[in-house]
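Fold and contact review
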Amino acid sequence: MNQKIWILFKNDLANSFHLHDLFRSGKQGNGGKITAVVLLLMGILLLTYNILSAKTLVSLGQTAMIPGYMLSVSSIMMVFLSLLRANGTIFGSSDFEQLAAYPVSEKEIFISKLLHLYFFNLLIGLLFSLPVLFVWATNAIVSPILIILFCITALVAPVIPICIGVIFGSLVYRMAAYFRQMNLIAVCLSLCLLGAFSYFIMTQSNQTDSMQDIGTAVYSQMTAIYLPSVLFQFNSIADSFSILFFLFISGLLFLVLTFFGSRYYRILNLRLLTLKSTNHMKPRTIKQRSIFVALWKKEIAALFSSYNYLLNSILGTVLLVFISMALLLFGFEKLTTVIPLPVSIQTVTNVFPMFVAAMLLISNPAAAALSMEGNKVWILKTLPIEQKSVVHAKLACTFFLHFIGFAISILAYTIHLSPTIEQLMWAILIPVSYSAFITTFGLMLNFSYPHFSWKNDMYIVKQSPPVLIAAFTGMAMMIVPLVLILFQILPLFVIYLALCILLLGLAVYFYQRTCTIKFI
């Protein structure tokens, strides 16, 4: 590997993982250790789930399908990750100006960014590949050659998803570059792209539900959703040709992407940088307003100034609005023909508040709001304002986003699911409680473990300790009551009442704790 590419790649990884924080003392060290523990737990959970899935195929007599199935599922997940990470990593990256001043070529920078995406996708792919070796290789008589070919295929599998993510990501930014609100347009286009891909997966999956043979159904789903799955054949040595053809196609696509991507990398990034500078320079009318309103508008402006921050913050809210609007327009019956549900309408009515709360948990800009100040944090520290004013403004930004999705969902819920007074009461209280909990918890974590010396906001938005801890805790706070509700372990009234008391009590404590953490 070219030495310059290797150095750029190592610097990218260092800025993404911050492994040096593990060996620090104090808050930075604790934050790094907590991040490592959360990531390890998530990895163990996904690995365990994949092992159980592979054993399920063995019990169904479909052992031969395990490698192809795992490669296909991991590839589909990597397509999603690539679509989410390509913009902000390759195009619109905050470190472009710094890299442009280095004595390196566009090709070397572009390849280092591709390796950055490849590394993260490979980590996800390994959580699907290792169960194959644990289950498939031990439950079937497999030739060592096939095992070697599978390992090579698993290493190459991230290439095609990365190519898909980079190609569509460049198109999104190319179209968004013509608009002043570039980040907002780019996020909207990305969400439309993800929505179209998700709808395609659901429709293709539904078409095979009626098949009697589980092997035929699984194979049809894989090939319909992810076409390269046709080449994932590991039944005998005779299938080596299809595997080698897949490796050839992947290598060819990578070379083509490198050639054309490196040619347009600098051009597109310069266009985005110029547009961003123009937007900052346009004249603005100065109006007198309260401190709270001024700080709140500053938070909204910061949210819309970063593609990664905006996409990560509104993903759940946009999904909630989309589903709520679909429910308003088509009704519950027509909607379930597209998204089949294995439960009754009564269960949906009871669990709907938890679904709304889950979408709000995904949208939590408060967990990164303080760290996003970056090297401009000195402005907050020197302003003649109380810390409570800063806390209120950052909380209000998240509450504002939550309110948009929450209001539309309540309207759709009331019109089409005809809830009782009690059900409508929980539909309001449960999302509000979860919103208060996750917002105050995320902001408290960010005040406890701030990080201002970042070079790329991708780390702050997706991998920083406050974001990961808040996401993992929110997941746990969602799974436990859902299990109690679905298995009817306790009456619904008791579960929801206990949840509201617990979450609102924690929210009050987190708010008070955040206001006392020394920052200003």
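Residues numbered from 1 in each chain as written. Predicted model: local features only at pLDDT ≥ 70, side-chain atom pairs only at ≥ 80, totals over all residues. Heavy atoms only, no water.

Points about helix 19 (residues 465–486)
- Here helix 19 contains 22 residues, and its C-alpha end-to-end distance of 32 Å stays within 8% of the 32 Å for a straight helix at 1.5 Å per residue.
- Of the residues making up helix 19, those classed as buried are Pro465, Pro466, Val467, Leu468, Ile469, Ala470, Gly474, Met477, Met478, Pro481 and Ile485.
- Positive backbone phi, approximately 50 degrees, marks Gln488, located one or two places after helix 19. (Helix = DSSP H or I, 4+ residues; strand = E, 2+ residues; numbered from the N terminus. Expected span 1.5 Å × (residues − 1). Buried < 20%, exposed > 50% of the residue type's maximum accessible area, 1.4 Å probe, protein only.)

Brief notes about the nonpolar core
- Membership of the largest hydrophobic core comes to 109 residues, with the highest contact counts inside it found for Val166, Met354, Ile430 and Tyr434.
- Residues within four places of Met354 in sequence aside, it is in contact with Ile430, Tyr434, Met478, Pro481, Leu482, Ile485, Tyr496 and Leu499.
- Val356, Phe406, Tyr413 and Ala427 belong to the second largest nonpolar core, which has eleven residues in total. (Core = buried A, V, L, I, M, F, W, Y, C linked by side-chain atoms within 4.5 Å. Contact = heavy atoms within 4.5 Å.)

Some details on the packing of helix 13 (residues 345–362) against helix 17 (residues 421–448)
- Two elements in contact, helix 13 and helix 17, have axes whose closest approach is 8 Å; the angle formed by their N-to-C orientations is 20 degrees. By the angle between their axes, helix 13 is roughly parallel relative to helix 17. At the point where helix 13 passes helix 17, the crossing takes the right-handed sense. Residue-level contacts link Gln346, Thr349, Asn350, Pro353, Met354, Val356, Ala357, Leu360 and Leu361 of helix 13 to Gln423, Trp426, Ala427, Ile430, Pro431, Tyr434, Ser435 and Ile438 of helix 17. (Axes fitted to C-alpha atoms, helices over the stretch in contact; angles between N-to-C directions. Parallel < 35°, antiparallel > 145°, perpendicular 65-115°, else oblique. Left-handed = near helix turned anticlockwise from the far one by under 90°.)

Description of a nonpolar patch on the surface
- Taken together, Met475, Ile479, Val483, Leu486, Phe487, Ile489, Leu490, Phe493, Val494, Leu497 and Ile501 make up a surface patch of nonpolar side chains, about 1000 Å² in accessible area.
- Taken together, the elements giving at least two residues each to the nonpolar patch come down to helix 19 and helix 20 (492–516).
- For Phe493, a relative accessible area of 43% corresponds to the partly exposed category. (Patch = residues over 30% accessible without salt bridge, like charges linked within 9 Å, V, L, I, M, F, W, Y side chains within 5 Å. Areas by Shrake-Rupley, 256 points an atom, 1.4 Å probe, with all protein chains shown as cover. Salt bridge = Lys/Arg side-chain N within 4 Å of Asp/Glu carboxyl O.)

Some points on the pattern of salt bridges
- As enumerated under the stated definition, the model contains three salt bridges in all.
- Of the charged contacts, one joins Lys394 and Glu299 as a salt bridge, the two residues approaching to 2.7 Å between their closest N and O atoms. Pair noted here: Lys394 is in helix 16 (residues 387–416) and Glu299 is in helix 11 (residues 291–304), with a separation of 95 residues, a long-range link. Of the two residues, Lys394 and Glu299, neither departs from the other in class, the shared state being buried.
- One salt bridge in this structure joins Glu373 and Lys394, with 3.0 Å as the shortest N-O distance. Taken as a pair, Glu373 in the loop between helix 14 (366–369) and helix 15 (377–382) and Lys394 in helix 16 lie far apart in primary sequence, 21 residues in all. Pair check on accessibility: Glu373 and Lys394 agree, each one buried.
- Several salt bridges converge on common partners, so that one network encompasses Lys298, Glu299, Glu373 and Lys394.

Observations regarding the environment of Leu193
- Structurally, Leu193 is set in helix 8 (residues 182–206).
- The partly exposed category is assigned to Leu193, whose relative accessible area is 25%.
- Distance from Leu193 to Val172, taken between C-alpha atoms, is 9.0 Å for residues 21 residues apart in sequence.
- In contact with Leu193, other than residues within four places in its own chain, are Leu83 and Phe168.

Scope: geometric values only; no functional claims are made or implied.
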